[in-house]
Amino acid sequence: IKIIGVIKSNKPTATMSYPPNNMPVPGGPSGMPVPGGPGGIPPPGGGPGGVPGQPGQNDSYFTESRKGEVNELRQLLRTFGTERDKQKKRDIMKKVIAYMTLGIDVSRLFTEMMLAIETRDLVIKKMVYLFLCNYADTHPDLAQMCTNTLVKDCGNEDPMVRGLALRSLCSLRLPQMIEYTSEPLRRSLQDGHAYVRKTGVMGILKMYHLNKEEFDKAAFNDILYEMLRDPDPSVVTNCIFVLNEIQAEVGGMALNRAVMLHLLNRIHEFSEFGILAVLDLIPRYIPANDEEGFQIMNLLDPVLKTANAGAVVATIRAFLSIATAIGKRPGDDRDEDSPSVDDLSKQVVERIKAPLVTLIASGSSELSYVLLKYADQLIDLCPGIFDDEYRQFYVKYSDPTHIKHSKIRILAKLANPNTAPDIVAELGELVTDADETLGRIAVRSMVNIALNGSGGEGALESIGRRLVEMLDLQGISHVTSEAATALAALVRRNESIKPVISAPLPRALKYINDPAGKASIIFLLGECGEDITEAPYALEKVIDSYDNIADASVKTALLSATVNLFFSRPPEVQHMLGRLLKKATEDMSSQDLHDRALFYYRLLRSSPDPTVAKSIISKSMAMTASQFAEEDDSELRAALMDEFNTLCTVYRCKPENFIDEENIVPFVKLPTEHPLAAAAPVVDQGVNTITDQMNGASLTDGYGAAPAPVPQPAPSAEVDLLGFGFDDPAPAPAPPASNSIQSLSLKPSLSLSGEDYQSKWGSVPDSEAIVISGLPMGSAPSSTDVVEGALSAFSVFTMASGELPTEFKFFLYAQEEESYGGCYFLVQAVALKQPSSLNLTIKPVGGDNDPNKRKEKVDQLIELIKSALGLC
């Protein structure tokens, strides 16, 4: 036999076996190598023995090639233990993983891979674990061989090895492995290293999906709730996700006030991923009262300054949910001064407007598109808030098509008497764009401004004239057609526009060929026929060519327009109407057209008084409502607001339209045990600390703003910025003499850490705090730096400060000279912007224990602060 050549391929074929069923194997009964088997050359004629025509010729070639590769890897793995070069060991493992990734079955190397697991190289160990997990489902008997090794590695001294082993053990996902998994999982949750604990938390989820009964017996659910107090934020993040998935059938993890306060006061410790997990819980939480709702908003305000769009949008949803929960609704018996849901929603949208617009302008096209969808939804919720930012929604040349379409739709909603001229001019420039869809959307946006009346006086006529000019753009058929449709919509809503648009209609009828545009022009000729001399003659030409009209909408419009024109100019229209009715009643291409023609014919023939028929037909063509019933999407918009920050906003439909019913997680608000009440809840001293507030600066790095303080509810009418819940404020002391400032000597330089500040503040009972309210200020400070600089000149230093929409907040401290007693003065100050006033809460710490002397020194400090800020 003449050998032509040997075909060889590395293309992986997962269905091949080693060796093929029809291939003799060396070491058989004969003990001799056989042609076609390993060690021989495959016969070109076909199957075993060189018999031509037998199937399996190519199988032998491919099997030969790949079997050699696997054998080569086996030989390399057998020398793995004696190989001293770490890089060569890694290369061998990488080759095994590469073949496995390509789909080549390398499960026969399982034994050799198990021997390689005993290594201190973490990279090699990780690849071995990956190999074991990959073949666990298809080779459960082999996977059980590695159980003891994985359990042993779960007790390794290296936390990374412990975590990797535990993750691999849980990833085997074999029912028979539950008994080996439970104990390592339980130990991992008490491990000293955070990586092992968070891996154990995710392992609990895998165990839950594998065997729910064993999961319940192990009581892991309660353990997860306890681990929400874990000091490592990544562990807490995993606990939140696992609890939400385990309890998805009841709406997610259980919430109460203690859990929410704990998570919110630690939110600055979390990564961006963890922040999103916490923020997603807030819409499901019902604040105990109005005060707590406002404080949660105040706490989350710094998140709006981050560059993470997901965190910003999640914060927006949290704000809106709180506004809905604490806002006053019609019929509520709460105080008349309580803000309504609409008022709070407007304040929220006003606050988030700047961050959202910034993200839209600075993000990628995909991100900008999604954010534009959210902005569109917020504009519908609170019209007018975004109007002053309309230029940010102008179309850029470099914008992708979908971004341009979204911006144009939004621009129409931002029109008001001040912005409408600029917006209409911008839309007019986009009408002739090369993108046909873009031009159509621009025309529709212009007519929407006119129909809504948002453009102010004269906008209707101005837009009408622009649309008339577009009718003459004969080279751009889609623009003329869309302009005709827009003019028809304007006439239906406002007949006063007829004199403005009537002149060019007969001319436009000659060159508009699009069915929708032609039907609109014919309708307009019927409506404006009294003002257009040649209207009957223009329609008569169309009637004469009735047999050449293919579109039913054009025929229907022609019938309605001719009948309508008949009542205003009967002598000229009578004969052509008769011809049209005859053709329409005989036309069976459209049932609607046929029935309408019969109706008109019988009505005109049987009515003794033509005015009766006129009133009936004219009424049917007039549009008295502001919109059609099918255009009313208020119910959908309300449903979408409940699904804010989900795909529902992007798809503009409810979740049941694109998610299977069994996969929809119910939305359950908790807790149910505390109703909205006017009384403030008890302050949780254990979670709100000044240390947390100081460390919160990580959320606003790079934005030039200090973190907002974290207040907690307090029975006092004052705002408790530090969250220690002071009692009823003491009466304001009488103003001291002007020369008393000279008797208070403060240290010119002083350093105090956040922990010390917290400790000293907590050492003084809230009942001993001195509160001064309503100190008049000439004007609000321009920035926090101005106040800090003025106070530091008088030896009063700032621990933290921040600016909120309505006020400035400061945490101040000072110390008396040691020779005068060394008393510390801790001050929280709130400078209101409107009306401009200053509120002070002062706690003296240490120094002279004489109450009278201490009160005198506080009075002197108040005078000093007033003098520094120019309030004296």
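These numbers come from a predicted model, not from an experiment. (Residues numbered from 1 in each chain as written. Predicted model: local features only at pLDDT ≥ 70, side-chain atom pairs only at ≥ 80, totals over all residues. Heavy atoms only, no water.)

1. Quick look at the overall build of the protein chain
Assigned secondary structure in the protein chain consists of 37 helices and five strands. Classification of the 872 residues of the protein chain by burial places 51% in the buried group. Residue pairs at least 24 apart in sequence account for 65% of intrachain contacts in the protein chain once pairs closer than 6 positions are excluded. Summed over all atoms, the accessible surface of the protein chain reaches about 41,500 Å², with 52% contributed by carbon and sulfur. (Helix = DSSP H or I, 4+ residues; strand = E, 2+ residues; numbered from the N terminus. Buried < 20%, exposed > 50% of the residue type's maximum accessible area, 1.4 Å probe, protein only. Contact = heavy atoms within 4.5 Å. Areas by Shrake-Rupley, 256 points an atom, 1.4 Å probe, with all protein chains shown as cover.)

2. Notes on the confidence of the model for the protein chain
Residues at a pLDDT of 70 or more form 83% of the protein chain, whose mean pLDDT is 81. Every residue in residues 675-742 scores below 50 in pLDDT, and together they form 163 contacts with partners more than four places removed in sequence or on other chains. (pLDDT = per-residue confidence, 0-100.)

3. Topic: unusual backbone geometry
With an omega of -10 degrees, the peptide bond between Leu 670 and Pro 671 qualifies as cis. Along the polypeptide, Pro 671 turns up in the loop between helix 33 (647-651) and helix 34 (690-695). Of note in the backbone geometry, Ala 219 takes a positive phi value of approximately 60 degrees without being a glycine. Summarising the element assignment, Ala 219 is placed in the loop between helix 10 (212-218) and helix 11 (220-226). For Ala 219, a relative accessible area of 35% translates into the label partly exposed. Positive phi, close to 70 degrees, is recorded for Asn 645, a residue that is not glycine. With respect to the helices, strands and loops of the structure, Asn 645 is situated in the loop between helix 32 (634-642) and helix 33.

4. Looking at the pattern of salt bridges
Enumeration over the complete set of coordinates arrives at 33 salt bridges. Of the charged contacts in the structure, one is a salt bridge between Glu 572 and Arg 569, with a shortest N-O distance of 2.9 Å. Judged by relative accessible area, Glu 572 falls into the partly exposed class, the value being 33%. Lys 582 is the salt-bridge partner of Glu 586, the closest N and O atoms lying 3.1 Å from each other. You can see Glu 586 and its partner Lys 582 sitting in helix 29 (residues 570-586), four residues apart, about one turn around the helix. Lys 582 shares its class with Glu 586; the two are exposed. Sharing partners across several salt bridges, the network here consists of Glu 436, Arg 440, Arg 444 and Glu 482. (Salt bridge = Lys/Arg side-chain N within 4 Å of Asp/Glu carboxyl O.)

5. Describing the packing of helix 8 (residues 178-188) against helix 9 (residues 194-210)
Where helix 8 contacts helix 9, the axes come no closer than 9 Å and their chain directions differ by 150 degrees. It follows from the interaxial angle that helix 8 and helix 9 lie roughly antiparallel. Of the two elements, helix 8 crosses helix 9, and the hand of that crossing is left-handed. Of helix 9, the residues touching helix 8 (which contributes Ile 178, Ser 182, Leu 185 and Ser 188) are Val 196, Arg 197, Gly 200, Gly 203, Ile 204, Met 207 and Leu 210. Split by residue class, the contact of helix 8 with helix 9 holds six nonpolar, four polar and one charged. (Axes fitted to C-alpha atoms, helices over the stretch in contact; angles between N-to-C directions. Parallel < 35°, antiparallel > 145°, perpendicular 65-115°, else oblique. Left-handed = near helix turned anticlockwise from the far one by under 90°. Nonpolar A, V, L, I, M, F, W, Y, C, P; charged D, E, K, R; others polar.)

6. Concerning the sheet that holds strand 3 (residues 807-815)
Sheets are built from strands that pair by backbone hydrogen bonding, the pairs being arranged parallel or antiparallel. Reading across from one edge, 1-5-4-3-2 is the order of the five strands in this open sheet, with antiparallel pairing throughout. Both outer strands of the open sheet, strand 1 (770-776) and strand 2 (797-803), are each paired with one neighbouring strand and no more. Across this sheet, the average inter-strand angle for adjacent strands is 15 degrees, counted without regard to direction. Pairing of strand 2 with strand 3, which is carried by six bridges, proceeds in the antiparallel orientation. Directly across from Gly 802, in strand 3, lies its bridge partner Lys 809. (Pairing = 2+ DSSP bridges.)

7. Points about the packing of aromatic side chains
Per the counting criterion, the structure on display carries 12 aromatic pairs. The ring centre of Phe 80 lies 5.3 Å from the NZ or CZ of Lys 89, which sits over that ring. Note that Lys 833 overlies the ring of Phe 808, its terminal NZ or CZ placed 5.0 Å from the centroid. (Phe/Tyr/Trp six-rings, centres within 6.5 Å; stacked < 30°, edge-to-face > 60°. Lys NZ or Arg CZ within 6 Å of the ring centre and 35° of its normal.)

8. Section: the state of the cysteines
Applying the stated criterion to the full structure yields zero disulfides. The cysteine Cys 154 is free of any disulfide, with Cys 170 supplying the nearest cysteine sulfur at 7.5 Å. (Disulfide = S-S within 2.5 Å.)

9. A few points about the packing of helix 18 (residues 365-381) against helix 19 (residues 401-413)
Packed helix pairs are characterised by how far apart their axes lie and by the angle those axes make with each other. Close contact between helix 18 and helix 19 brings their axes to 10 Å; oriented N to C, the two are set at 20 degrees. Taken together, helix 18 and helix 19 sit at an angle that is classed as roughly parallel. Relative to helix 19, the crossing made by helix 18 is left-handed. Between helix 18, through Ser 365, Ser 368, Tyr 369, Leu 372, Asp 376, Ile 379 and Asp 380, and helix 19, the contact on the second element is made entirely by His 402, Ile 403, Ser 406, Lys 407, Ile 410 and Lys 413. Counted by class, the contact of helix 18 with helix 19 contains five nonpolar, four polar and four charged residues.

10. Points about helix 26 (residues 515-527)
Over its 13 residues, helix 26 runs 18 Å from end to end, which matches the ideal 18 Å to within 8%, given 1.5 Å per residue. Taking burial as the measure, the 13 residues of helix 26 include 11 buried ones, the bulk of the element. What helix 26 keeps buried is the set Gly 517, Lys 518, Ala 519, Ser 520, Ile 521, Ile 522, Phe 523, Leu 524, Leu 525, Gly 526 and Glu 527. (Expected span 1.5 Å × (residues − 1).)

11. Some points on the pairing of strand 2
Of all the seven residues making up strand 2, five are buried; the element is thus mostly covered by neighbouring parts of the structure. Following strand 2, the chain reverses through three residues before pairing antiparallel with strand 3.

12. With respect to a negative patch on the surface
A contiguous patch of negative charge, built from Glu 656, Asp 660, Glu 661 and Glu 662, is present on the exposed surface. Relative to the assigned elements, Glu 661 resides in the loop between helix 33 and helix 34. (Patch = residues over 30% accessible without salt bridge, like charges linked within 9 Å, V, L, I, M, F, W, Y side chains within 5 Å. Lys, Arg positive; Asp, Glu negative; His and termini not counted. Charge placed at Lys NZ, Arg CZ, Asp CG, Glu CD.)

13. Some thoughts on a nonpolar patch on the surface
Residues Leu 647, Tyr 651, Phe 658 and Ile 659 make up a contiguous nonpolar surface patch of roughly 350 Å² in combined accessible area. Along the polypeptide, Tyr 651 turns up in helix 33.

14. Quick notes on helix 37 (residues 851-868)
End to end, helix 37 covers 26 Å across 18 residues, agreeing with the expected 26 Å (1.5 Å per residue, within 8%). Every buried residue of helix 37 is listed here: Lys 857, Val 858, Asp 859, Gln 860, Leu 861, Ile 862, Glu 863, Leu 864, Ile 865, Lys 866 and Ala 868. In this fold, the buried residues of helix 37 make contact with strand 1, helix 36 (784-792), strand 4 (824-832) and strand 5 (837-845). Gly 870, located one to two residues past helix 37, shows a positive phi value of around 75 degrees.

15. A look at the environment of Arg 507
Looking at the element boundaries, Arg 507 is found in helix 25 (residues 505-511). Taking C-alpha positions, Arg 507 is 9.1 Å from Leu 471, a pair spaced 36 residues apart along the chain.

16. Concerning the nonpolar core
In this structure, Val 106, Phe 131 and Phe 386 are the most contacted members of the largest nonpolar core, which totals 200 residues. Considering every element that reaches this core, the biggest residue donor is helix 16 (residues 309-326), with 13 residues. Among the nonpolar cores identified, the runner-up in size contains 28 residues, and Phe 808, Cys 823, Val 827 and Ala 831 belong to it. (Core = buried A, V, L, I, M, F, W, Y, C linked by side-chain atoms within 4.5 Å.)

17. Quick notes on the environment of Arg 186
Turning to its location among the elements, Arg 186 is positioned in helix 8. The residues touching Arg 186, leaving out its near neighbours within four places in the chain, are Ala 218, Phe 220 and Ile 223.

18. Re the side chain of Ser 321
Within the secondary structure layout, Ser 321 lies in helix 16. Within polar-contact distance, the side chain of Ser 321 engages the backbone oxygen of Ala 318 at 2.7 Å. Once residues lying within four places of it in the same chain are set aside, the contact partners of Ser 321 are Ile 282, Pro 283 and Lys 669. (Polar contact = N/O pair within 3.5 Å; in protein donor to acceptor, adjacent residues only side chain to side chain.)

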